[in-house]
Amino acid sequence: AKAVKGVQDVVMVPQGVAVLATTTHAAIKGRDALKVEWDESKAETRSTADMLADYRGALAKPGLPVETHGDVEAALKAPGVKLVEAEFEFPYLAHAAMEPMNAAAQVKDGAVTIWTGSQLPVADVPNAARTAGVSPDKVEIRTQWAGGSFGRRALASSDFVVEAVAIAKAHGKGVPVKLVWTREDDMKSGYYRPVYVHKVRAAVDASGKPVAWHHHVVGQSIIAGTFFEPMLVKDGIDDTSVEGTHGAYDIPNMKVELTTMKAGVPVLWWRSVGHTHTAYAVEVVMDQLARAAGQDPVAFRLAHATGERLKAVIRIAADMAGGGTPLPAGRTRGIAAHKSFNTYVAEVVEISLADSGVKVERVVAAVDCGVVVNSDVGRAQIEGGIGIGAGREVDGP
């Protein structure tokens, strides 16, 4: 590696081997020249198919109770009910921010200066201090604009920030060192939204009213093992795994369960955290219940939504999208609504069907997030969410 033009040093750090060079390109070339033997004894060796099989097996066993009221089993078996069952598989998702992970760090005269787009300075400061062997008051973070984060730069372990500090310390020259992850590093060595598997059993009675909902979520905790655990994990329940599974609709008999799995894949929150999968499962099953009841999906939701704010965005989105007006042949539309972080959103998506697949023609969103200080930022948040949501993969029932 040191024979590569521009390479100045090669140092060992807890994360592996770091190549320091005058340019990013030279550092990458130097790294490519390294021959490293990695200890993979603690790595996850199961394939995706193996992991999903294990997760589906966990669905057959009782989970920890999250929400329970009424008698779900009796309601599901009552005479005259129409039963809906659905299973969902949600894959690992990379944050895939436009700007890969990077940070610059200087360790000099018993102090640390860091330049990075930090989402979580409360973790980055003590972690950097521990790495450099200084007190937290000797660490300064100069926060930069970031080209997308989506939760990736809010990590309890401060992985890439700590890595930059470790390299600067190992280099020992007292000069700023900039760490740059390549896109390949970011995609295969980052932290991911966990795999989740859901199973939902729900029913409507003879009058078309939803009377039962049994929801089992199986997945990996993003909080376990971090300093957030004492605050966010109660009685074995990581709330970020099940947030959004209940409360939006008035259903007299409900049971929500969680089974937390162990896996050797590093995981982290991703954009709207648990809502990224729970909202999908809930809204797909609501559509199926509406169909079983023989009712319009908008009217069905309005009849059973628990709050006026949720009902309002459903009405507005449906009206803005054209209500029940007919669509041209080959087109259809669907609606979904959800509450997340005290914001209520309903969206109507219009799609066209062709031999080449599905094309999203139009998305109408109605949002109640309270007082809007900057309407451009609010609009950008929803537009960005629509773009990211449309680009992610899910296997439904």
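That block above? That's the structure.
Predicted model only: the values in this text are computed from it and were never measured.

### As for empty space enclosed by the protein
Taking a probe equal in size to a water molecule and rolling it over the atoms shows the remaining empty space.
Point 1. Tallied over the entire structure, the rule returns three cavities of 30 Å³ or more.
Point 2. Volume-wise, the largest cavity comes out at about 60 Å³.
Point 3. Forming the walls of the largest cavity are Trp213, Gly244, Thr245, His246, Gly247, Ala248, Tyr249, Ile251, Met254 and Val282.

### Considering the sheet that holds strand β9 (residues 177-180)
One key point about sheets: their strands pair by backbone hydrogen bonds, in either a parallel or an antiparallel sense.
Point 1. The strand order across the open sheet built from four strands is β8-β7-β6-β9, with neighbouring strands paired in mixed fashion. Looking at strand neighbours, the two that pair on one side only are β8 (139-143) and β9, the edges of this open sheet. Going from strand to strand, the sheet's axes swing by 20° on average, the running direction of each strand aside.
Point 2. With four bridges connecting them, strand β6 (residues 102-108) and β9 associate as antiparallel partners. Of the residues in β9, the one forming a bridge with Ala103 is Leu179.
Point 3. Each of β6, β7 (111-116) and β8 is contacted by helix α4 (residues 121-132), which is oriented at about 135° to β8, the strand it contacts most.

### A look at helix α5 (residues 159-171)
Point 1. For α5, built from 13 residues, the straight-helix expectation of 18 Å at 1.5 Å per residue is met to within 8% by its first-to-last C-alpha distance of 18 Å.
Point 2. In terms of residue burial, α5 counts as a mostly covered element, since eleven of its 13 residues are buried.
Point 3. All of the buried residues along α5 are Asp159, Phe160, Val161, Val162, Glu163, Ala164, Val165, Ala166, Ile167, Ala168 and His171.
Point 4. Of the surrounding secondary structure, the elements contacted by the buried residues of α5 are β1 (7-13), β2 (16-21), β6, β7, α4 and β9.
Point 5. After α5 finishes, the residue Gly172 shows a positive phi value of roughly 70°.

### Some points on the pattern of salt bridges
Point 1. Counting across every chain of the model gives 16 salt bridges.
Point 2. With its nearest N and O atoms 3.8 Å apart, the salt bridge here joins Arg153 to Glu99. Highlighted residues: Arg153 in the loop between β8 and α5 and Glu99 in the loop between β5 (93-94) and β6, separated in sequence by 54 residues.
Point 3. Judged by relative accessible area, Arg153 falls into the buried class, the value being 3%.

### What about the nonpolar core?
Point 1. Core analysis: the biggest nonpolar cluster contains 41 residues, and Phe88, Trp213, Val285 and Leu289 have the highest contact counts within it.
Point 2. At eight residues, the largest contribution of residues to this core is made by helix α9 (residues 275-293).
Point 3. Formed by 27 residues, the second largest nonpolar core is a distinct cluster that contains Val13, Val107, Val125 and Ala166.

### A short note on unusual backbone geometry
Point 1. One non-glycine residue, Asp109, lies in positive phi territory at about 55°.
Point 2. The exposure class assigned to Asp109 is exposed, which follows from its relative accessible area of 72%.
Point 3. Positive phi, normally seen in glycine, also occurs at Asp235, with a value near 50°.
Point 4. Under the relative-accessibility criterion, Asp235 is labelled exposed at 77%.

### Focus: the pairing of strand β16 (residues 331-340)
Point 1. Of the pairings in the sheet, the one linking β16 to strand β17 (residues 343-354) comprises ten bridges and is antiparallel in character. Within the sheet, the bridge partner assigned to His338 lies in β17 and is Val345.
Point 2. Connecting β16 to the antiparallel partner β17 that follows it, the hairpin turn spans two residues, and Phe341 within it adopts a positive phi of roughly 50°.

### Some words on the packing of aromatic side chains
Point 1. This structure, assessed with the given rule, holds six aromatic pairs.
Point 2. Seen in terms of ring centroids, Phe90 and Tyr280 are 5.9 Å apart; in terms of plane orientation they differ by 85°. Their pairing is edge-to-face. One end of the pair, Phe90, is in strand β4 (residues 82-90); the other, Tyr280, is in helix α9, and 190 residues separate them in sequence.
Point 3. Taking relative accessible area as the criterion, Tyr280 reaches 33% and is therefore assigned partly exposed.
Point 4. Put simply, the rings of Phe88, Phe90 and Tyr280 touch in pairs and so form one group of aromatic residues.
Point 5. Here the guanidinium or amino end of Arg193 rests over the ring plane of Trp270, the centre of that ring lying 6.0 Å away.

### Looking at the layout of surface pockets
Point 1. Estimated volume of the second largest pocket: approximately 1,700 Å³.
Point 2. Taken together, 48 residues form the lining of the second largest pocket, with Gln15, Val17, Arg31, Glu163 and Asp185 sitting closest to its centre.
Point 3. Elements that contribute at least two residues to the lining of the second largest pocket include exactly β1, β2, α1 (24-33), α5, β9 and α6 (183-188).
Point 4. The element best represented in the lining of the second largest pocket is β2, accounting for six residues.
Point 5. Across the lining of the second largest pocket, the residue classes tally to 25 nonpolar, twelve polar and eleven charged.

### Description of the environment of Gly110
Point 1. Within the secondary structure, Gly110 is located in the loop between β6 and β7.
Point 2. Since its relative accessible area comes to 42%, Gly110 is described here as partly exposed.
Point 3. For the pair Gly110 and Gly133, spaced 23 residues apart in sequence, the C-alpha separation works out to 8.3 Å.
Point 4. Beyond its immediate chain neighbours, meaning those up to four positions away, Gly110 contacts Val134 and Lys138.

What counts, and at which threshold
Residues numbered from 1 in each chain as written. Predicted model: local features only at pLDDT ≥ 70, side-chain atom pairs only at ≥ 80, totals over all residues. Heavy atoms only, no water. 1 Å grid on protein atoms, 1.4 Å probe; cavity = no way out; pocket = protein on both sides within 12 Å on 5 of 7 lines; lining within 4 Å. Points joined across faces, edges and corners; volume = space filled by probe spheres on them. Pairing = 2+ DSSP bridges. Helix = DSSP H or I, 4+ residues; strand = E, 2+ residues; numbered from the N terminus. Axes fitted to C-alpha atoms, helices over the stretch in contact; angles between N-to-C directions. Contact = heavy atoms within 4.5 Å. Expected span 1.5 Å × (residues − 1). Buried < 20%, exposed > 50% of the residue type's maximum accessible area, 1.4 Å probe, protein only. Salt bridge = Lys/Arg side-chain N within 4 Å of Asp/Glu carboxyl O. Core = buried A, V, L, I, M, F, W, Y, C linked by side-chain atoms within 4.5 Å. Phe/Tyr/Trp six-rings, centres within 6.5 Å; stacked < 30°, edge-to-face > 60°. Lys NZ or Arg CZ within 6 Å of the ring centre and 35° of its normal. Nonpolar A, V, L, I, M, F, W, Y, C, P; charged D, E, K, R; others polar.

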